[in-house]
Amino acid sequence: MLKFGRWYLICFVAMSLLTLSAGCGKKGWPEPRLDEDRFSWGQIQHQRQGACLDARALVHGAANKLGFVYLEWMRMDAAEDCPDCPFKATERVLLGDGSSEFKRQNGVIRIMFCEWDPDASYRWRLLGMNVHRGLGSVPSQVEFSR
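Residues numbered from 1 in each chain as written. Predicted model: local features only at pLDDT ≥ 70, side-chain atom pairs only at ≥ 80, totals over all residues. Heavy atoms only, no water.

On to the sheet that holds strand E6 (residues 108-113), then. Strand order in the open sheet formed by four strands is E1-E2-E6-E5, with antiparallel pairing between adjacent strands. Strand pairing shows two members of the sheet lacking a second neighbour, strand E1 (39-49) and strand E5 (102-105), which therefore form its edges. Across the sheet, the mean angle from the axis of one strand to that of its neighbour is 15 degrees, orientation sign disregarded. Sheet topology places strand E2 (residues 52-61) next to E6; six bridges connect them, and they run antiparallel. Bridged to Leu-58 within E6 is Val-108. (Pairing = 2+ DSSP bridges. Helix = DSSP H or I, 4+ residues; strand = E, 2+ residues; numbered from the N terminus. Axes fitted to C-alpha atoms, helices over the stretch in contact; angles between N-to-C directions.)

Further remarks concern unusual backbone geometry. The phi angle at Asn-106 is positive, at roughly 50 degrees, despite the residue not being glycine. By secondary structure assignment, the location of Asn-106 is in the loop between E5 and E6.

This next bit is on the nonpolar core. Residues Trp-41, Val-69, Leu-71, Ile-109, Ile-111, Trp-124 and Leu-126 are the most contacted members of the largest nonpolar core, which totals 22 residues. Apart from the residues lying within four places of it in its own chain, the contact partners of Leu-71 are Leu-53, Glu-91, Arg-92, Val-93, Leu-95, Phe-113, Trp-124, Arg-125 and Leu-126. (Core = buried A, V, L, I, M, F, W, Y, C linked by side-chain atoms within 4.5 Å. Buried < 20%, exposed > 50% of the residue type's maximum accessible area, 1.4 Å probe, protein only. Contact = heavy atoms within 4.5 Å.)

The next subject is the side chain of Glu-143. By the secondary structure assignment, Glu-143 is in strand E9 (residues 143-145). Arg-123 is the oppositely charged side chain nearest to the buried, salt-bridge-free Glu-143, at an N-O distance of 9.4 Å. A distance of 2.7 Å separates a polar atom in the side chain of Glu-143 from a polar atom in the side chain of Gln-141. Those residues in contact with Glu-143, other than ones at most four positions away along the chain, are Ile-44, His-46, Tyr-122, Arg-123 and Trp-124. (Lys, Arg positive; Asp, Glu negative; His and termini not counted. Salt bridge = Lys/Arg side-chain N within 4 Å of Asp/Glu carboxyl O. Polar contact = N/O pair within 3.5 Å; in protein donor to acceptor, adjacent residues only side chain to side chain.)

Both E1 and E2 contribute to a ladder of nine bridges, which runs antiparallel. Along E2, the bridge assignment pairs Ser-40 with His-60.

Further remarks concern the confidence of the model for the protein. Detailed reading of predicted coordinates is not advised where the pLDDT is low. On average, the protein scores 88 in pLDDT, and the residues at 70 or more come to 86%. Per-element confidence in the protein is highest for E6, whose mean pLDDT is 98, and lowest for helix H1 (residues 2-22), whose mean pLDDT is 68. (pLDDT = per-residue confidence, 0-100.)

Moving on, we come to the pattern of salt bridges. Going through the model one piece at a time under the given rule, you end up with eight salt bridges. For Asp-117, the salt bridge identified is with Arg-75, shortest N-O distance 2.8 Å. Within this pair, whereas Asp-117 is found in the loop between E6 and strand E7 (121-130), its partner Arg-75 is found in strand E3 (residues 66-76), the two being separated by 42 residues in sequence. Between Arg-123 and Asp-81 there is a salt bridge; the shortest N-O distance is 3.3 Å. With Arg-123 in strand E7 and Asp-81 in the loop between E3 and strand E4 (91-95), this pair connects stretches of sequence that are 42 residues apart.

Written out as structure tokens, the structure is:
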């Protein structure tokens, strides 16, 4: 009987060690796979009708990783574009799947924003935010609208 007790003790210790070691390993939050989780802006087409900007932008790469978009703009003093001037956004609005101004379909987003002064010119851009915060924001090229 003493041998059976010793065998039982050895089995218990071995099973305990196996159970404890199964929980070991690297633990932490999942990390994004850089190549598979990035997106970039493609062609942007837009037109302006009075106070409304109607823009369509192509999203390349992982379009499903685009969480939301900021529309950033600066009002221009002149009616002509100044491509060499630095872009310094003075205002911005958050647009996402819950907003009426923002639609997305098959890697194309459409923005219909109607709060600009119809007599003013603007320089603007889109700032896409990745669902993985660690990958940061992705700015589009700066556009001009009169």
